[in-house]
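In case you want the letters, here they are:
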Amino acid sequence: MDPNQENQHMSASVALDDEQRIRVLSPGMLVFKRFVRNKLAITGAVIVIFMFAFSFIGGLVNPHGQTEVFRHYQPFVKEYAAAAFTDQYRFTPVPGRTLSQNTQNAFNVAAARNAESFSADGETFMIEVMGEDFYLIEELVPFAKVTSVRGQLVASPLDGHTIPDGFTSAIDSAIKAGRELFEAGGDKYAYIIDGREYAVFTGTPVCVVVKKVFDLPPDSPALSYHFVMNAMLAFQGGDPSFEAEGQTYTFDRNDGGAEIYGQDGLVAVMSPLAIKEYQPGEVMTLEFKAAVAEAIAEGTRYFELIEDGEVVEYTLEDQPNQWVIRKEMDTYLIKTYGPPSLEHWLGTDANGMDVLTRLMYGGRISITIGFVVVLIEMFIGIILGGIAGYFGKWVDNLIMRIVDIFNCIPTFPLYIILGASLDQFGVDPTLRIYYLMLIIGLLGWPGIARMVRGQILSLREQEFMVAAEATGLRVPRRIFRHLIPNVIPQLIVISTMTLGGIIITEATLSFLGLGVRYPLASWGNMVTNVNDPYIMITYLNTWVPAGMLILITVLGFNFIGDGLRDAFDPKMKR
Amino acid sequence: MTEQGNSDVILEVKDLKKYFPIKAGLLQRTVAQVKAVDGVNFSLRKGSTMGLVGESGCGKTTVGRTVLRLHGKTGGDILFHGQEVHTLDKKTLRSLRPRMQIIFQDPYSSLSPRLPVGEIIGEAPREHGITNKDNHNRHIDKIMSDCGLQPYHKDRYPHEFSGGQRQRICIARALALNPEFVVCDEPVSALDVSIQAQIINLLMDLQKEYGLTYLFISHDLSVVEHISDTVGVMYLGNIVEYGSKEDIFKSPYHPYTRALFSAIPIPDPTVKMNRVILEGDIPSPANPPSGCKFHTRCRDCMEKCKTEEPVPVEMAPGHTVVCHLYNS
């Protein structure tokens, strides 16, 4: 018999007629087809894809940051300034001189005692009273030496001074009267007995001291000695104007003070009032100060000013020793619990942060934690489960006992303890997320290890593995080409299912304050708002979306997991 | 059909023993041993087929797998071309693997569901360098068409095939390595009768074409009668009767063989069958009976059988029986 012919005959008789079948599907494609046909699984996939887009792309597109605090201006009647009668002397030294704090203090004491002179820092100063709360401090300068020559006083001038008329008679009468000060030719002099001689000193002005406040426009240089001196002299003398440094200034008087106008308008406000701003850094205009001084002088409790073209209303309130001036101010406030608006679609939360933005970033963290933890669990689970399953015997025994121990650990108390330890060490919120991933991952692998071990244990005994050995394939090829591909479906299913669980765990931990911490957002810690029943009821927009996202995402992952399980194993279908 | 003149022995099995330990307790100590194969001797000539028959659990499959070193042996020798298989180092064993192949009983579990058929068949020849890039496809196509598969089946996956087709894939996988010796471990018992015939004929055709040597394990006597040159009857880890097919089927000596053969159905209702009914179950191989292992179920049991182990007796050239009945 012709063997060829026989072969042909045999082939024809046994070949099944399946020429019509054109499309050849790999197991992967079959799974995909079954998955796509499953409506619930597709719903889950759409949800999960949406969540990914929302969290990862949304976070990029959104102009706001997760920790960005939003503020807004709100009109608010607030204390703007306070005014009080000043009880402090203000010193204006002559050009080129400064007056030390010691000297100022010594003056204050001397003025209180109505003394005529005082000394400070080894120098002696004379006080000349110019008017009410208006003094001139003078420095003593050696003027002349006076000697008694046969009962007759002879004055010899020093350093180019000239002796005025009647000087000797004036000192003579002063010595006889026992006074240390005397006047001659309109100037004041003082003498000190120095052995048989008299050292005579005269005063040069050092500083003008007034108990009035000269308010100036912001950022203008301090007033000069001459200006203050002349202004005070003119004010006391009742003159309508005065001159200083070649310029003429006019007064607009009120009770106890005056507005001083120069050629270009208001130059300074002289008043017995010290006006201070309430908020540091607030700049008060001169007009405002003038208006305050005028209002207090006139006894009114309300005035208006035109600022930047708008009428601003001020009110004064009498308080002990001072007046408080209030006005309606735009206050920069944190937008807490803002309602949903065009700018903030879901409003703002208790910290004035945009809820929608935080949802996006929170989703990132929640989903990332889910994936990373699953990866960690898979990594440990596959390696340990694979080793246990493939090698069996005592290795299997050892690893499975470790798994048993891990299963005995009550996870939630441990999470709480570890979370508290992280608090104790003051771990940075960002770093904390990584620790969180590690902790959840390191506690979650035993389930996967057990599954992988079981799968491999059963697959190892399958005849196709024996066949692979019989055909003499190398061990790595047997493991990676024959064993692993058969475990992957279960791995995919279990990891998808685990993912939802991990997102829930993370949300729970964050809700309890043990997971992701403020200021970083996670869906779990956004729901924490419900701690306060009032906020829970009133500001639904701050926590309901986060809760819904957790629910929907976990549902989505579970749908996908179910769909994959059904797709991988059609026999499992109920 | 077979080349009777060729007398060179391809496989020789001497006093093969395979015990499986029973472990128990916390420390997994071995408390007993299942003596699955307990002293089996046979040899196979090139191009011949040896049928190995026996009840379920008598150790047929274990013999087949131990011969291929798919698990270790407890004692005895397995000489493939005079070379002890179980002492080979890994490398030599790997190079020996293609020369001895196995076809499994279950065509469903013996094919990895994740690999396309072309890969299942072609992977090992490629890995062993039996084929190269140029002739790989031709080689696989040839083997597939020899086994009654179409070349376009290569891209399909096992789940797309029927049981008979899958068994052809298994056969193709074994033959793709150009083996000399194939263990057929009940290759047709999972298939329906019409497909069984196709597969058996296919195996015989392939044997003729490639000059294969088969160790054909089966519990189906009619199949064994059809394909074998020599037959070994196994009971509880021992071959109780061994001889050429003609000798054994014409004149079975061992009471167990007789009982087995009397159970072969004859498709003729008028023939009165003289059945030998075996009573009881096969004893546990962990605790086999003393003396002749068959004595608990034997019709012709004597006092001697319960205490003394029988030794092989040659009834005719190449036909041995292990029974006290023929020992005098």
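Now for a look at the structure at hand. Just so it is clear, the model here is predicted, and its values are computed rather than measured. (Residues numbered from 1 in each chain as written. Chains lettered and ligands numbered in written order. Predicted model: local features only at pLDDT ≥ 70, side-chain atom pairs only at ≥ 80, totals over all residues. Heavy atoms only, no water.)

**Some thoughts on the overall build of chain A**
Next up, step 1: Helices and strands together make up the secondary structure of chain A, namely 16 helices and 18 strands.
Next up, step 2: Considering chain A as a whole, with its 574 residues, one finds that 44% of them fall into the buried category.
Next up, step 3: Sequence separation of 24 or more characterises 58% of the internal contacts of chain A that already satisfy a separation of 6 or more.
Next up, step 4: Accessible surface, chain A as shown: approximately 30200 Å² in total, 58% of it carbon and sulfur. (Helix = DSSP H or I, 4+ residues; strand = E, 2+ residues; numbered from the N terminus. Buried < 20%, exposed > 50% of the residue type's maximum accessible area, 1.4 Å probe, protein only. Contact = heavy atoms within 4.5 Å. Areas by Shrake-Rupley, 256 points an atom, 1.4 Å probe, with all protein chains shown as cover.)

**Structural notes on the nonpolar core**
Next up, step 1: Of all hydrophobic cores here, the largest spans 62 residues; its most connected members are Phe-35, Leu-359, Ile-369, Ile-433, Ile-440, Leu-491 and Val-516 of chain A.
Next up, step 2: Ile-440 of chain A has contacts with Val-373, Glu-377, Tyr-415, Ile-502, Thr-505 and Leu-509 of chain A, leaving out every residue within four places of it along the chain.
Next up, step 3: Core analysis: the next-biggest nonpolar cluster, separate from the first, contains 51 residues, Leu-191, Leu-221, Leu-236 and Cys-292 of chain B among them. (Core = buried A, V, L, I, M, F, W, Y, C linked by side-chain atoms within 4.5 Å.)

**Concerning the sheet that holds strand 3 (residues 49-53) of chain B**
All names here are of chain B.
Next up, step 1: Pairing is mixed across the open sheet formed by eight strands, whose spatial order is 6-7-8-3-9-10-12-11. In this open sheet, the two edge strands, each paired with only one partner strand, are strand 6 (100-103) and strand 11 (312-316). Adjacent strand axes in the sheet meet at a mean angle of 20°, parallel and antiparallel pairs treated alike.
Next up, step 2: Both strand 3 and strand 9 (residues 230-235) contribute to a ladder of four bridges, which runs parallel. The partner of Leu-52 across the bridge, within strand 9, is Gly-232.
Next up, step 3: Relative to strand 9, helix 9 (residues 255-262) is tilted by about 105°, and along the sheet it contacts strand 9 and strand 10 (238-244). (Pairing = 2+ DSSP bridges. Axes fitted to C-alpha atoms, helices over the stretch in contact; angles between N-to-C directions.)

**What to know about unusual backbone geometry**
Next up, step 1: The phi angle at Asn-321 of chain A is positive, at roughly 70°, despite the residue not being glycine.
Next up, step 2: If you trace the backbone, Asn-321 of chain A turns up in the loop between strand 17 (310-319) and strand 18 (322-334).
Next up, step 3: One non-glycine residue, Asp-15 of chain B, adopts positive backbone phi at about 50°.
Next up, step 4: In this fold, Asp-15 of chain B is placed in strand 1 (residues 9-24).

**Concerning the interface of chain B and chain A**
Interface size, as often reported, equals the accessible area lost upon joining of the parts.
Next up, step 1: Across the contact, 45 residues belong to chain B and 33 residues belong to chain A.
Next up, step 2: Counting each side, the surface lost to burial between chain B and chain A is near 3500 Å², with a carbon and sulfur contribution of 49%.
Next up, step 3: Sorting the residues of chain B by area buried against chain A places Arg-94, Arg-114 and Arg-156 of chain B first, and these three jointly supply 18% of that buried surface.
Next up, step 4: At the junction of chain B with chain A, the criterion picks out seven salt bridges.
Next up, step 5: With its nearest N and O atoms 3.4 Å apart, the salt bridge here joins Arg-477 of chain A to Glu-127 of chain B. (Buried area = accessible area lost by both parts, 1.4 Å probe. Salt bridge = Lys/Arg side-chain N within 4 Å of Asp/Glu carboxyl O.)

**Quick word on the packing of aromatic side chains**
All names here are of chain A.
Next up, step 1: Enumeration over the complete set of coordinates arrives at 35 aromatic pairs over all chains.
Next up, step 2: Look at Phe-85 and Trp-323: their rings are 5.5 Å apart centre to centre, the planes differ by 80°, and that puts the pair in the edge-to-face class. Of this pair, Phe-85 sits in strand 1 (residues 71-85) while Trp-323 sits in strand 18, and the two are 238 residues apart along the sequence.
Next up, step 3: Exposure remark for Phe-85: the relative accessible area of 52% places this residue in the exposed category.
Next up, step 4: On the basis of relative accessibility, which here comes to 13%, the residue Trp-323 falls in the buried class.
Next up, step 5: Measuring from centroid to centroid gives 5.9 Å for Phe-235 and Phe-251, while their planes differ by 70°, and the two rings are edge-to-face. (Phe/Tyr/Trp six-rings, centres within 6.5 Å; stacked < 30°, edge-to-face > 60°.)

**Notes on the packing of helix 8 (residues 355-391) of chain A against helix 13 (residues 475-511) of chain A**
Residue and element names in this part refer to chain A.
Next up, step 1: Closest axis-to-axis distance for the helix 8/helix 13 pair is 8 Å, and the angle between their directions is 140°. On the basis of the axis angle, helix 8 is oblique to helix 13. The way helix 8 lies across helix 13 gives a crossing that is right-handed. Here Ser-366, Ile-369, Gly-370, Phe-371, Val-373, Val-374, Glu-377, Met-378, Ile-382 and Tyr-390 of helix 8 lie close against helix 13, whose contacting residues are Val-475, Arg-478, Ile-479, Leu-483, Leu-491, Ile-494, Ser-495, Thr-498, Leu-499, Ile-502, Ile-503 and Glu-506.
Next up, step 2: When the residues that make up the contact of helix 8 with helix 13 are grouped by side-chain class, the tally is 15 nonpolar, four polar and three charged. (Parallel < 35°, antiparallel > 145°, perpendicular 65-115°, else oblique. Left-handed = near helix turned anticlockwise from the far one by under 90°. Nonpolar A, V, L, I, M, F, W, Y, C, P; charged D, E, K, R; others polar.)

**Points about a negative patch on the surface**
All names here are of chain A.
Next up, step 1: Taken together, the side chains of Glu-304, Glu-313, Glu-328 and Asp-330 define an acidic patch exposed on the protein surface.
Next up, step 2: Here Asp-330 lies in strand 18.
Next up, step 3: Residue class for Asp-330 comes out exposed when judged on its relative accessible area of 56%. (Patch = residues over 30% accessible without salt bridge, like charges linked within 9 Å, V, L, I, M, F, W, Y side chains within 5 Å. Lys, Arg positive; Asp, Glu negative; His and termini not counted. Charge placed at Lys NZ, Arg CZ, Asp CG, Glu CD.)

**Some points on the sheet that holds strand 15 (residues 273-277) of chain A**
All names here are of chain A.
Next up, step 1: An order of 15-1-18-17-16 is seen for the five strands of this open sheet, with the pairing classed as antiparallel. Each end of this open sheet is capped by a strand with a single partner; those strands are strand 15 and strand 16 (302-307). In this sheet, neighbouring strand axes are inclined to one another by 30° on average, regardless of whether the strands run parallel or antiparallel.
Next up, step 2: Two strands pair when backbone bridges link them, and strand 1 and strand 18 are joined in this way by 12 bridges, in the antiparallel orientation.

**Topic: the pattern of salt bridges**
Next up, step 1: Scanning the model with the defined rule gives 32 salt bridges over all chains in all.
Next up, step 2: Close ionic contact of Asp-318 of chain A with Arg-301 of chain A constitutes a salt bridge, the shortest N to O distance being 2.8 Å. Placement of Asp-318 of chain A in strand 17 and of Arg-301 of chain A in the loop between helix 7 (286-298) and strand 16 is noted, with a sequence separation of 17 residues between them.
Next up, step 3: You can call Arg-301 of chain A partly exposed: its relative accessible area is 33%.
Next up, step 4: Here Asp-38 of chain B ties to Lys-293 of chain B by a salt bridge, and the two come within 3.1 Å at their closest N and O atoms. With Asp-38 of chain B in strand 2 (residues 29-45) and Lys-293 of chain B in the loop between helix 9 and helix 10 (303-307), this pair connects stretches of sequence that are 255 residues apart. A single burial state applies to Asp-38 of chain B and to Lys-293 of chain B, both of which are buried.
Next up, step 5: Counted as one network, the salt bridges with shared partners bring together Arg-477 and Arg-481 of chain A together with Glu-119, Glu-123, Arg-126 and Glu-127 of chain B.

In short, shape yes, function no, at least from these values alone.
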